[in-house]
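Below are the chains, spelled out letter by letter.
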Amino acid sequence: MDTQESNELQPEQEAQTEQTEQQASPPERDRYECLACGYVYEPGLGDNNGNIAAGTPFMEIPERWRCPVCGARKQSFANVGPKGTASGFKENFSYGFGVNTLTPTQKTLLIFGGLGLGVLFMLSLYGLG
């Protein structure tokens, strides 16, 4: 009976593990970007100019707080997710012709390499005449 009880507990433990993983990235750690100037408020750093202590989530900042760079109101900030992740980027990997999985350097080489080949092709047309 002990093995049956332990087998019955496993799905419950798995459900608790999934909930814990979902809570691993709480919105309190999300960064917020000013839509006017691009300043990013990071909760881990806080804001020394506005007397906001490090570790203060964006939602707990007073409404009178302003962007330290441009002075925009708190409503002018958009959630950009936790540090080190690009919001929505993983969902976009499957779209397009596979270029979404390329690094920025590879994309730059692809774009300018294609432009260079196009210029060489156009210049080769002068040789036909």
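Everything numeric in this text was worked out from a predicted model, so none of it was measured. Starting afresh in each chain, residues are numbered from 1 along the sequence in its written order. Restriction of local features to residues with pLDDT of at least 70 applies here, the model being predicted, together with a cutoff of 80 or more for giving and counting side-chain atom pairs; totals for whole chains, interfaces and linings are based on all residues. Side-chain calculation: all heavy atoms of the structure are included, whereas hydrogens and water are not.

Engineer: Kindly report on the nonpolar core, identifying the contributing residues and their values.
Structural biologist: We define a nonpolar core as any set of buried Ala, Val, Leu, Ile, Met, Phe, Trp, Tyr and Cys residues linked to one another through side-chain atoms lying within 4.5 Å. Buried residues are those whose accessible area, probed at 1.4 Å on protein chains only, stays under 20% of the maximum for their type, while exposed residues exceed 50% and partly exposed ones sit between those limits. Counting residues in hydrophobic clusters, the biggest one holds 11 residues: Y32, C34, Y39, Y41, I52, F58, I61, W65, C67, A72 and F77. By definition, residues are in contact when any of their heavy atoms lie within 4.5 Å. Discounting residues that sit within four places of it in the chain, W65 has contacts with Y39, Y41, D47, G50, I52, F58, A72, R73, K74 and F77.

Engineer: Before we move on, could you go through the packing of aromatic side chains and cite the residues and values that matter?
Structural biologist: Between rings of Phe, Tyr and Trp, where Trp is taken as its six-membered ring, a pair exists when centres lie within 6.5 Å; planes separated by under 30 degrees are stacked, by over 60 edge-to-face, and by other angles tilted. Taken as a whole and assessed by the stated rule, the structure comprises seven aromatic pairs. Summarising the aromatic geometry, the rings of F58 and F77 are spaced 5.4 Å apart at their centres and angled 45° between planes, so their arrangement reads as tilted. Here the residue F58 occupies a position in the loop between strand 2 (40-41) and strand 3 (77-81), and F77 occupies one in strand 3, the gap between them amounting to 19 residues. For the pair formed by F58 and F77, the shared burial category is buried. Site record: aromatic cluster; members linked through ring pairs are Y32, Y39, Y41, F58, W65 and F77. Strands here are runs of E lasting at least two residues and helices are runs of H or I lasting at least four, both read from the DSSP assignment and numbered beginning at the N terminus.

Engineer: Give a detailed account of a nonpolar patch on the surface, specifying residues and quantitative values.
Structural biologist: A cluster of nonpolar side chains, contributed by L117, V119, L120, L123 and Y126, occupies part of the molecular surface with about 590 Å² of accessible area. Of note, L123 is situated in helix 2 (residues 104-126). Note on patches: the residues involved have over 30% relative accessible area and no salt bridge, like charges join within 9 Å, and the nonpolar side chains Val, Leu, Ile, Met, Phe, Trp and Tyr join within 5 Å. Using a 1.4 Å probe, the Shrake-Rupley method yields the accessible areas, and only the shown protein chains count as cover for residues. Salt bridge, as used here: a side-chain nitrogen of Lys or Arg that lies within 4 Å of a carboxyl oxygen of Asp or Glu.

Engineer: Can you break down the UniProt feature "transmembrane region" (unreviewed entry) in the chain residue by residue, with the values?
Structural biologist: UniProt positions are given in the numbering used here, feature names are shortened, and annotations may be inferred rather than shown by experiment. Those places that UniProt annotates as "transmembrane region" (unreviewed entry) correspond, in this numbering, to residues 109-128. Taken end to end, residues 109-128 is 90% helix and 0% strand, and its first and last C-alpha atoms sit 29 Å apart.

Engineer: Help me get a handle on the side chain of D47, residues and values and all.
Structural biologist: Positionally, D47 belongs in the loop between strand 2 and strand 3. Working convention for charge: Lys and Arg count positive, Asp and Glu count negative, and His plus the chain ends are omitted. One buried charge, D47, has no salt-bridge partner; the nearest side chain with opposite charge is R64, at 11 Å. There is a polar contact of 2.9 Å between the side chain of D47 and the side chain of W65. The residues touching D47, leaving out its near neighbours within four places in the chain, are Y39, Y41, I52, W65 and P68. Side-chain atoms alone can form a polar contact between residues adjacent in sequence; in general such a contact is a pair of N or O atoms within 3.5 Å, and within protein one must be able to donate a hydrogen while the other accepts it.

Engineer: So what about the pairing of strand 1 (residues 31-34)? Which residues, and what values?
Structural biologist: At least two bridges found by DSSP between two strands is the condition for calling them paired. Relative to strand 3, strand 1 runs antiparallel, the two being bridged by four bridges. Residue pairing across strands places E33 opposite A78, the latter belonging to strand 3. In the sheet, strand 1 pairs with strand 2 via two bridges, with the strands oriented antiparallel. Bridging across to strand 2, E33 finds its partner in V40. Here strand 1 folds back onto strand 2, and the loop between the two strands holds five residues, one of which, G38, carries a positive phi near 95°.

Engineer: So what about the sheet that holds strand 3? Which residues, and what values?
Structural biologist: With respect to topology, three strands assemble into an open sheet ordered 2-1-3, the strand pairing being antiparallel. Looking along the sheet, the strands with just one partner apiece sit at the ends: strand 2 and strand 3.

Engineer: So what's going on with unusual backbone geometry? Residues and values would help.
Structural biologist: Backbone geometry places N51, a non-glycine residue, at a positive phi of 55°. Structurally, N51 is set in the loop between strand 2 and strand 3. N51 sits in the exposed class, given a relative accessible area of 72%.

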